[in-house]
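Chains, contacts and geometry: an overview
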Amino acid sequence: MRVNRISRARRHAALGVSVVALAAGVTTGAGPAAAQPKAATAAAAECSSAYKIEQKLSSGTTWSMCWRYDGKAGLVLEDIAYQPKGEAAPIKVLNSARLGQIHVPYDDGSVEYDDLTGFGFAQGLMNLDPGECPGGTIKKVKVPDSWDPDQSDVSGLCTTTRSRGHAYRMQGDSANKVYQAQGKDLLVYSVNQVGWYEYMTEWRFQDDGTITMNLGATGSLSYYDYDAGDGRGWPIGKGPRAQATSHSHNAFWRLDFALDGSSKNRVEQYDSTVTAAAPGQQAPSTKTTRTPVTKELAGDAKSYRWWRVVSAVGKNKDWHPRSYEIVPGPSTKYPGRSFTKHDVYFTEYNECEQFASNNPGNCGAGAGKSVDKWVDGQTLTHPVVWMNVGFHHIARDEDQQPMPVHWQGFSIAPRDVTAMNPLTPAELVGQNGQWTPGS
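Please read these numbers as outputs of a predicted model, since none were measured by experiment.

Before going further, it helps to spend a moment on the packing of aromatic side chains. One pass over the structure, following the stated rule, counts twelve aromatic pairs. Their ring planes at 70 degrees and their centres at 5.5 Å tell us that Trp-253 and Phe-410 sit as a pair that is edge-to-face. One end of the pair, Trp-253, is in strand β13 (residues 247-257); the other, Phe-410, is in strand β21 (residues 403-415), with 157 residues separating them in the sequence. Classification of Trp-253 by relative accessible area gives buried; the value is 0%. Measuring from centroid to centroid gives 6.2 Å for Trp-307 and Phe-346, while their planes differ by 55 degrees, and the two rings are tilted. Placement of Trp-307 in strand β17 (residues 305-315) and of Phe-346 in strand β19 (residues 344-348) is noted, with a sequence separation of 39 residues between them. Both residues of the pair, Trp-307 and Phe-346, count as buried. By way of ring pairs, the aromatic residues Trp-63, Tyr-82 and Phe-205 are connected into one cluster. Just above the ring of Phe-355 sits the side chain of Arg-98; from NZ or CZ to the centre is 4.8 Å.

The next thing to look at is the pairing of β13. Burial of β13 is extensive: eleven of the eleven residues sit out of reach of the surface. Burial along β13 is two-sided: His-247, His-249, Ala-251, Trp-253, Leu-255 and Phe-257 facing one way and Ser-248, Asn-250, Phe-252, Arg-254 and Asp-256 facing the other are all buried. Of the pairings in the sheet, the one linking strand β4 (residues 91-105) to β13 comprises eight bridges and is antiparallel in character. The partner of Leu-94 across the bridge, within β13, is Phe-257.

A cis geometry characterises the amide bond from Gln-400 onward to Gln-401, with omega recorded as -5 degrees. Structurally, the position occupied by Gln-401 is in the loop between β20 (383-393) and β21. Residue Pro-402 is bonded to the preceding Gln-401 through a cis peptide linkage, with omega at 5 degrees. Considering the arrangement of structural elements, one finds Pro-402 in the loop between β20 and β21. If you check the backbone angles, Asn-358 has positive phi at about 50 degrees while not being a glycine. Examined against the element boundaries, Asn-358 turns out to sit in the loop between β19 and β20.

The rules behind these values
- Residues numbered from 1 in each chain as written.
- Predicted model: local features only at pLDDT ≥ 70, side-chain atom pairs only at ≥ 80, totals over all residues.
- Heavy atoms only, no water.
- Phe/Tyr/Trp six-rings, centres within 6.5 Å; stacked < 30°, edge-to-face > 60°.
- Helix = DSSP H or I, 4+ residues; strand = E, 2+ residues; numbered from the N terminus.
- Buried < 20%, exposed > 50% of the residue type's maximum accessible area, 1.4 Å probe, protein only.
- Lys NZ or Arg CZ within 6 Å of the ring centre and 35° of its normal.
- Pairing = 2+ DSSP bridges.

Function cannot be read off these values alone, since they describe shape.
This is the structure in structure tokens:
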């Protein structure tokens, strides 16, 4: 059973939630980028001030975006733009970014859940205490199809800034000068309760242009599931008692890129091969090969493989095409369902393809209800990225009570978005490409 402080009535209501109109604050996309290598003209998010997030970090980087709240996906960020110091205008990165599903199958095969489309994830938005958003702002969110219409306004969205430690450190060419900077992040997050779990949906926008997406699971273990006597659970009570049922959390994110304000981006895959040292060589040699991904793809991460999404219209000041590299996080890939068998999917944009599994939209005959069914050979002109990060939760004594947060997620990192490190100190701006000491 998957019940807790949320009543059975709420549970049934959550299971019956219909597709609803989006909350206020819907935005429109920005126009195409200007001729390059000038800065892209993507920038200002076109939404009212109540639905706009804009933060200039102490290092000089500004992030801007709009937000809205969807009746199934929860928090949705749109028109995300990044302006590091030295760039005349913001550089648009994404049309939209959000969760695409949280799939939770139990090890004993008794049940599985699609938390976003089948269990009222969005309706479980929690009020945040001011202490949970130190130094920041908690925004009011109107929750569509709220279980309690009289309490549909939830103080549930935190925006704040945090330090992340060293952004860089360099001794330089002499011992009397140290270049170092402490990195700063814009943090945007919300908490949604589903059953016994409380999911923390966290977005970190770094001053170096990196975006990190994390899903944290905390709350409680369900004592209704302390019945795993078939060898698939873990004892967490006295002796062999109270064996918690093991299960997986398969989290999907959906990213709609719009580099430099255009949705017409390219996808590239890179693979490197290491060859044993040849006679006369001191070490093995490595060759990296670029493969354009021109058709929809179900991709698998492996050693020496990575992908990037490349702007079709924008270049940096070195005349290199701007791109964002996908940086997978640790993952336990769940092989039990066809849609969880791959780490990343690149699909052609289709408005009805909204959730990685149990998709409620009608995408036409034969389209299927999960992301793997949408990879059917279409040419990629407007690619959408679906990232799958799995976590196999085998409970432990330390998971009670309350349960410490366990995180899963990934990042996208700028690759050639700027001509140099966007945090480069003024004394080093001349050291681009070939340089001499003291330049």
